[in-house]
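Letter by letter, the chains look like this.
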Amino acid sequence: MTKSNEQNWKPATQLVHGGTMRSQFGETSEAIYLTQGFLYDSSEAAEARFKGEEPGFIYSRYANPTVDMFEKRMCALEGAEDARATASGMAAISAALLCSVKAGDHVVAARALFGSCRWVVETLMPKYGIESTLVDGRDLKAWEDAVRPNTKLFFLESPTNPTLEVVDIAAVAKIADAAGARLVVDNVFATPLQQKPLELGAHVVVYSATKHIDGQGRCLGGVILSDKEWIDANLHDYFRHTGPSLSPFNAWTLLKGLETLPIRVRQQTENAARVADHLASHPKIERVIYPGRKDHPQAEIIARQMKGGSTLVCFDVTGGKAGAFGFQNALGLVGLSNNLGDAKSLITHPGTTTHKNLTEEARADLGIRPSTVRLSLGLEDADDIIADIDRALEAI
Ligand SMILES: *Cc1c(COP(=O)(O)O)cnc(C)c1O
């Protein structure tokens, strides 16, 4: 990459070329280095590499050339100094959280979290002596009030799953800084194109690459991005010795996914906006939440911190749970799946799937009603998606 000016490229260019490392064959597409280990020229070379005196790969649990390309491309896009890729989004998020704290520390997290993230904070961390307080992420005073002398970590996602609430990331980052805590942001729902948490003051950003980054429903993956100093001091040894490493094959799939991320996210966002507007005027729809609409309760924050809306729409069908189930069952083109960010449009009923483990009360706090469904827009023609929705609404 000596002839290029990688840091100054626009995102679309970074996503096609960023981090590319060619072999002696000069292949155009990125190579898959599907290998566990690497050979050394001599015993002395092996010794030097283990000492860190000579660059080079040692073992794919530590690092791998294809995984390296994916990490570097993500760094270029996010404007981060360094990254570590993982086998899944949850491997990334749990590593980022666990490596930020020790026994006796305290965590403040927004209560609207991806289900497994909430389990890590509420159930796993206390087993190791790490206490947590969950707050309404939208309430800045609640973040301030939750801070204790031993608070070391703030954690949030925005927009949230499934009700697409928005947290003012810059304001929460200021509170974290004042408390001497690190802010970790799960940026999956926004995608790296619509929102840049590091620019807004967050210290660490995490992704499930399973979602929009793959974008075609194939591989699990995740990535943690932050400053090099923090990653070296906190993640480096954890990754080597606990092994949440991403497979080189999956890293390659995700690299190819990154090439088309901007055009996919643009089209999916356009589809979501059209569907949201259509639903908003439909008599059988009780509520529509879409971060790109003026009637979103936090439209002002969205205009400040996001470049676009979302690829997801959350809405309520008349008739409660029976209405929502009947509607979902009548869909033909849109598939029933709890996954999201796929080229295929997917719908789920959070109350009985992704958020079934919460109490009725906790669900109500998050705005999840028996009638709530979450739709992830794919790359189909929006006319066909709308026709499918209309047909299914007519059936209930
Ligand atoms: C899917 C998802 C995760 C978990 O990622 P996996 O790749 O499934 O492990 C975490 N956070 C959010 C917001 C997600 O949508």
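The structure contained in this document is the topic of the report that follows. Given the structure is predicted, the values throughout are model-derived calculations rather than measurements. (Residues numbered from 1 in each chain as written. Predicted model: local features only at pLDDT ≥ 70, side-chain atom pairs only at ≥ 80, totals over all residues. Heavy atoms only, no water.)

## Re the sheet that holds strand β3 (residues 131-135)
(1) Moving on: Pairing is mixed in the open sheet, where 7 strands are placed in the order β1-β7-β6-β5-β4-β2-β3. Both edges of this open sheet fall to β1 (82-86) and β3, since each of them pairs with a single strand only. On average, each strand axis in the sheet is tilted by 20° relative to the strand beside it, whichever way the strands run.
(2) Moving on: As defined by bridge partners, strand β2 (residues 106-110) adjoins β3 across 5 bridges and the pair is classed as parallel. Within β3, the residue paired with Ala-109 across the bridge is Leu-134.
(3) Moving on: Across the sheet, helix α3 (residues 65-78) lies against β1, β6 (204-208) and β7 (222-226), angled at about 130° from β1, the strand it touches most.
(4) Moving on: Against the sheet, helix α5 (residues 115-127) touches β2, β3, β4 (151-157) and β5 (182-186), its axis set at about 140° to β3. (Pairing = 2+ DSSP bridges. Helix = DSSP H or I, 4+ residues; strand = E, 2+ residues; numbered from the N terminus. Axes fitted to C-alpha atoms, helices over the stretch in contact; angles between N-to-C directions. Contact = heavy atoms within 4.5 Å.)

## With respect to the pattern of salt bridges
(1) Moving on: All told, the structure shown has 28 salt bridges when counted by the stated rule.
(2) Moving on: The residue Arg-274 makes a salt bridge to Asp-383 at a minimum N-O spacing of 2.8 Å. Remark: Asp-383 occurs in helix α14 (residues 382-395) and Arg-274 occurs in helix α10 (residues 248-280); sequence separation between them is 109 residues.
(3) Moving on: On the basis of relative accessibility, which here comes to 40%, the residue Arg-274 falls in the partly exposed class.
(4) Moving on: Here Asp-383 falls in the partly exposed class, since its relative accessible area comes to 46%.
(5) Moving on: Where salt bridges share partners, they join Arg-111, Asp-136, Arg-138, Glu-165 and Asp-365 into one cluster. (Salt bridge = Lys/Arg side-chain N within 4 Å of Asp/Glu carboxyl O. Buried < 20%, exposed > 50% of the residue type's maximum accessible area, 1.4 Å probe, protein only.)

## Concerning the site of the ligand
(1) Moving on: Gly-89, Asp-186, Ser-208, Thr-210 and Lys-211 are the nearest of the 14 residues found near the ligand.
(2) Moving on: Met-90 has a polar backbone atom sitting 2.8 Å from an oxygen atom of the ligand.
(3) Moving on: Taking 380 Å² as the accessible area of the ligand by itself, protein coverage stands at 91%.
(4) Moving on: Across the shell around the ligand, the residue classes tally to 6 nonpolar, 5 polar and 3 charged. (Near = heavy atom within 4 Å. Polar contact = N/O pair within 3.5 Å; in protein donor to acceptor, adjacent residues only side chain to side chain. Areas by Shrake-Rupley, 256 points an atom, 1.4 Å probe, with all protein chains shown as cover. Nonpolar A, V, L, I, M, F, W, Y, C, P; charged D, E, K, R; others polar.)

## Considering the pairing of β1
Working note: regular strand, side chains alternate between the two faces of the sheet.
(1) Moving on: With respect to burial, β1 is a largely interior element, 5 of its 5 residues being buried.
(2) Moving on: Residues Asp-82, Arg-84 and Thr-86 of β1 are buried on one face, and the alternating residues Ala-83 and Ala-85, pointing to the opposite face, are buried as well.
(3) Moving on: Relative to β7, β1 runs antiparallel, the two being bridged by 5 bridges. Counterpart to Ala-85 in the pairing with β7 is Val-223.

## A few points about the nonpolar core
(1) Moving on: In terms of nonpolar packing, the biggest core is built from 26 residues, with Leu-97, Met-125, Phe-155, Val-184 and Ile-224 touching the most fellow members.
(2) Moving on: Breaking this core down by element, the ones donating at least two residues are α4 (89-98), β2, α5, β4, β6 and α9 (228-242).
(3) Moving on: Of all hydrophobic cores here, the second largest spans 24 residues; its members include Cys-75, Ile-213, Leu-246 and Leu-255. (Core = buried A, V, L, I, M, F, W, Y, C linked by side-chain atoms within 4.5 Å.)

## Let's talk about α5
(1) Moving on: Counted at 1.5 Å a residue, the expected span for α5 with its 13 residues is 18 Å, and the 18 Å between its end C-alpha atoms agrees.
(2) Moving on: Maximum bend of α5: about 30°, positioned at Val-121.
(3) Moving on: Those residues of α5 that are buried lie in contact with α4, β2, β3, β4, β5 and α13 (360-365).
(4) Moving on: Following α5 by one or two positions, Gly-129 has its phi on the positive side, about 80°. (Expected span 1.5 Å × (residues − 1). Bend = angle between axes of the 7 residues up to and from the residue.)

## Quick notes on the layout of surface pockets
(1) Moving on: There is about 720 Å³ of room inside the largest pocket.
(2) Moving on: Lining the largest pocket are 30 residues, with Tyr-62, Ala-63, Asp-68, Arg-84 and His-236 sitting closest to its centre.
(3) Moving on: Those elements that place two or more of their residues in the lining of the largest pocket are α2 (43-51), α3, β1 and α9.
(4) Moving on: Counted as a void, the second largest pocket has a volume near 420 Å³.
(5) Moving on: Along the walls of the second largest pocket sit 19 residues, with Phe-114, Gly-115, Ser-116, Thr-354 and Asn-357 positioned nearest its centre. (1 Å grid on protein atoms, 1.4 Å probe; cavity = no way out; pocket = protein on both sides within 12 Å on 5 of 7 lines; lining within 4 Å. Points joined across faces, edges and corners; volume = space filled by probe spheres on them.)

## Regarding the sheet that holds strand β10 (residues 335-336)
(1) Moving on: Read from one edge to the other, the open sheet built from 5 strands follows the order β8-β9-β12-β11-β10, with strand pairing classed as mixed. Each edge of the open sheet is held by one strand with a lone partner, namely β8 (285-289) and β10.
(2) Moving on: Relative to strand β9 (residues 312-317), β8 is paired through 4 bridges, and the arrangement is antiparallel. Bridged to Ile-285 within β9 is Val-317.

## What about α14?
(1) Moving on: Compared with an ideal rise of 1.5 Å per residue, which puts 14 residues at 20 Å, α14 spans 20 Å between its outermost C-alpha atoms and is within 8% of the ideal.
(2) Moving on: Looking at the buried positions of α14, the neighbouring elements they touch are α10, β8, β9, α12 (320-330) and β12 (372-376).
(3) Moving on: Taking the backbone nitrogen of Asp-383 as reference, a side-chain oxygen 2.9 Å away marks Asp-381 as the first, capping residue of α14.

## Things to note about the packing of aromatic side chains
(1) Moving on: Within this structure, the stated rule accounts for 6 aromatic pairs.
(2) Moving on: Taken together, a centroid distance of 6.1 Å and an interplanar angle of 65° make the contact between Tyr-238 and Phe-239 edge-to-face.
(3) Moving on: Exposure remark for Tyr-238: the relative accessible area of 26% places this residue in the partly exposed category.
(4) Moving on: Looking at Phe-239, the relative accessible area reads 5%, which means it is buried. (Phe/Tyr/Trp six-rings, centres within 6.5 Å; stacked < 30°, edge-to-face > 60°.)

## Looking at the side chain of Arg-363
(1) Moving on: With respect to the element layout, Arg-363 can be found in helix α13.
(2) Moving on: Judged by its relative accessible area of 13%, Arg-363 falls in the buried class.
(3) Moving on: At 2.8 Å, the side chain of Arg-363 and the backbone oxygen of Leu-358 are in polar contact.
(4) Moving on: Not counting chain neighbours up to four residues away, the residues in contact with Arg-363 comprise Gly-351, His-355, Lys-356, Leu-358 and Ile-368.

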